[in-house]
Amino acid sequence: MSQELPPVPSSSSTGPESRRPRPTRVLIVDDDDFSRKTAEVLLSPLGYEVIPASNGEEGLRLASESAPDLVLLDVMMPGLDGFEVCRRLRQQAFEHHLPIILLTALDGRRDVVIGLEAGADDFLHKPVYGAELRARVSNLLKVRAYHQLLANQRDLALATVDELRQQILRADRLATLGTFAAGVSHELNNIAQVLTCAVSELPPTSPHAVDPNDADTRAVLNHAANHVTELARTILRIARPQEDGTPETDLRRTLGEVREMLRLTGRTRYVELALALPEVPCVIRASPVHAQQVFLNLISNAADALGETPRPRIEVGVRPAPDGHIEAWVRDNGPGMSQEVLARIFEPFFTTKAAGQGTGLGLPVVKQLVEAWGGKLHIHSQPAQGTRVVIETPGARPTAAPPGASASP
């Protein structure tokens with residue numbers, strides 16, 4: 001007696017039970033009870049799950065229901081013979097290659113040709129020799145496993161190609177944006193020059209102004225013109241490494257400047273904008289323009305989200321943390337964001353605003369700038385509970401939170 005082959009590893013099912021491998025399933029389609037039981041006796045000890053079918057129609061039905069890994073198919077059966085069942089099995093869309101072995105008492109070459117043309121992978125002549133049956137079943141299951149491996153690698157390759165395609169599309173869009181950087185910088189410089197000239201022609205502000213917020217409008221406009229000029233320069237060098245040392249910026253001053261710029265442009269006209277500033281400096285290593293850009297984006301986004309909110313309010317604050325870091329926040333009482341939106345807010349060009357009202361680049365740029373400072377950006381939001389954006393970034397020098405500092409967000 002020849003040595004028995006070890007059982008083929010069990011196939012893995014799909015769906016919720018995918019973590020538990022199921023036994024390899026062998027469908028036996030034969031109208032002879034003795035032949036079915038003989039095959040079951042030979043294969044079951046090796047760990048195969050044998051599924052019997054007594055005719056062709058039942059075999060086709062069980063093949064669809066049980067997803068077998070291999071089919072043993074008798075040729076001579078009443079009704080649908082083995083050749084026709086084999087043809088129909090090949091027409092069904094199985095997830096992976098399904099090996100089919102034809103069992104026949106015929107010995108003519110023509111029958112072999114017909115079986116191969118019908119889609120059979122192998123032939124066994126009756127009466128079946130046990131060792132030969134086990135060997136052929138094992139070999140064809142190895143072929144099936146190879147087909148499964150190729151299919152999985154193909155799916156992985158297709159997924160990788162799709163991801164690379166998406167990356168190329170994003171890179172192309174960003175490259176297109178960069179092509180316009182020089183032109184945008186040139187136009188911004190022109191606008192800044194016009195604004196500077198216009199501000200220089202304004203009459204001096206009266207020292208007896210009733211509204212203290214209007215006492216220094218000229219200075220704010222002049223500061224805005226300088227901001228536009230520096231922003232134009234920043235656009236050109238945003239992709240270049242900084243050769244000189246990064247300047248230091250006090251975020252308390254930055255928040256005050258941003259509030260005045262937003263007030264002057266009317267972005268926060270209908271919003272209560274409150275500042276929470278400590279008495280001690282909150283200095284970080286960052287360009288003043290970049291710091292302004294971060295908070296202009298964050299506060300503008302918050303103001304846009306408050307359009308339908310009764311009593312809209314934005315709180316902006318900064319404080320030194322005990323570990324030498326600086327913590328800043330922007331908090332609003334708007335509608336908040338869903339988890340689906342939160343998962344995509346840092347994707348370039350993703351926006352929930354109407355067409356033409358948002359570029360989808362604000363938050364990605366903010367995140368890039370904050371991370372360039374060595375900091376982290378955290379966004380906490382839930383529907384109907386507002387949004388809180390927190391920035392944690394290293395301070396330029398060790399600081400300690402003074403007694404009575406403003407509350408954390």
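A brief look at the structure comes next.

### What about unusual backbone geometry?
Thinking step 1. Look at the link from Lys126 to Pro127: it is a cis peptide, with omega at -5°.
Thinking step 2. Within the secondary structure, Pro127 is located in the loop between strand 5 (122-125) and helix 5 (130-179).
Thinking step 3. Despite not being glycine, Arg311 shows a phi value in the positive range, around 50°.
Thinking step 4. Mapped onto the elements of the fold, Arg311 is located in the loop between helix 9 (288-305) and strand 9 (313-320).
Thinking step 5. The class of Arg311 is exposed, set by a relative accessible area of 79%.
Thinking step 6. One non-glycine residue, Ala384, lies in positive phi territory at about 70°.
Thinking step 7. Along the chain, the position of Ala384 falls in the loop between strand 11 (376-381) and strand 12 (387-394).
Thinking step 8. Judged by its relative accessible area of 70%, Ala384 is exposed.

### A look at the pattern of salt bridges
Thinking step 1. Inspection of every chain in the model, using the stated rule, returns 24 salt bridges.
Thinking step 2. One salt bridge connects Arg144 with Asp69, and the closest N-O pair in it is separated by 3.2 Å. Of this pair, Arg144 sits in helix 5 while Asp69 sits in the loop between helix 2 (56-66) and strand 3 (70-74), and the two are 75 residues apart along the sequence. Assigned by exposure class, Arg144 and Asp69 land together as buried.
Thinking step 3. Between Glu315 and Arg331 there is a salt bridge; the shortest N-O distance is 2.7 Å. With Glu315 in strand 9 and Arg331 in strand 10 (residues 325-332), this residue pair connects regions lying 16 residues apart in the sequence.
Thinking step 4. Using a relative accessible area of 16% as the deciding quantity, one classes Glu315 as buried.
Thinking step 5. Within the structure, one salt-bridge network assembled from shared partners comprises Glu272, Arg313, Glu315 and Arg331.

### Focus on the packing of helix 8 (residues 251-265) against helix 9
Thinking step 1. Two elements in contact, helix 8 and helix 9, have axes separated by 9 Å at closest approach and are oriented at 50°. If you check the angle between helix 8 and helix 9, you find them oblique. By crossing handedness, the relation of helix 8 to helix 9 is classed as right-handed. Contacts between helix 8 and helix 9 involve Leu251, Thr254, Leu255, Glu257, Val258, Met261 and Leu262 from the former and Ala291, Gln292, Phe295, Leu296, Ile299 and Ser300 from the latter.
Thinking step 2. Here the contact of helix 8 with helix 9 is built from residues that sort into nine nonpolar, three polar and one charged.

### Focus: a nonpolar patch on the surface
Thinking step 1. Taken together, the side chains of Tyr146, Leu149 and Leu150 make up a nonpolar region of the molecular surface, amounting to roughly 290 Å² of accessible area.
Thinking step 2. Mapping Leu150 onto the fold places it in helix 5.
Thinking step 3. On the basis of relative accessible area, Leu150 is assigned to the partly exposed category, the value being 36%.

### Quick word on the environment of Val289
Thinking step 1. Structurally, Val289 can be placed in helix 9.
Thinking step 2. On the basis of relative accessible area, Val289 is assigned to the buried category, the value being 7%.
Thinking step 3. Separated by 60 residues in the primary sequence, Val289 and Thr229 have C-alpha atoms spaced 9.8 Å apart.

### Remarks on the pairing of strand 9
Thinking step 1. Taking burial as the measure, the eight residues of strand 9 include six buried ones, the bulk of the element.
Thinking step 2. Bridge count between strand 7 (residues 272-276) and strand 9: five bridges; the pairing is parallel. Bridge assignment links Ala276 to a residue of strand 9, and that residue is Gly317.
Thinking step 3. Across seven bridges, the pairing between strand 9 and strand 10 is antiparallel. Bridge pairing links Arg319 to Glu327 in strand 10.
Thinking step 4. The turn joining strand 9 and strand 10, which pair antiparallel and follow one another in sequence, is formed by four residues; a positive phi near 90° is taken by Gly324.

### As for the packing of helix 3 (residues 82-91) against helix 4 (residues 109-118)
Thinking step 1. The geometry of helix 3 relative to helix 4 is characterised by a closest axis approach of 8 Å and an angle of 20° between their N-to-C directions. The orientation of helix 3 relative to helix 4 falls into the category roughly parallel. In terms of crossing hand, the pair formed by helix 3 and helix 4 is right-handed. Where helix 3 abuts helix 4, its residues Phe83, Cys86, Arg87 and Arg90 lie against Asp111, Ile114, Gly115 and Ala118.
Thinking step 2. Grouping the constituent residues of the contact of helix 3 with helix 4 by class yields four nonpolar, one polar and three charged.

Reading guide: rules and limits
Residues numbered from 1 in each chain as written. Predicted model: local features only at pLDDT ≥ 70, side-chain atom pairs only at ≥ 80, totals over all residues. Heavy atoms only, no water. Helix = DSSP H or I, 4+ residues; strand = E, 2+ residues; numbered from the N terminus. Buried < 20%, exposed > 50% of the residue type's maximum accessible area, 1.4 Å probe, protein only. Salt bridge = Lys/Arg side-chain N within 4 Å of Asp/Glu carboxyl O. Axes fitted to C-alpha atoms, helices over the stretch in contact; angles between N-to-C directions. Parallel < 35°, antiparallel > 145°, perpendicular 65-115°, else oblique. Left-handed = near helix turned anticlockwise from the far one by under 90°. Contact = heavy atoms within 4.5 Å. Nonpolar A, V, L, I, M, F, W, Y, C, P; charged D, E, K, R; others polar. Patch = residues over 30% accessible without salt bridge, like charges linked within 9 Å, V, L, I, M, F, W, Y side chains within 5 Å. Areas by Shrake-Rupley, 256 points an atom, 1.4 Å probe, with all protein chains shown as cover. Pairing = 2+ DSSP bridges.

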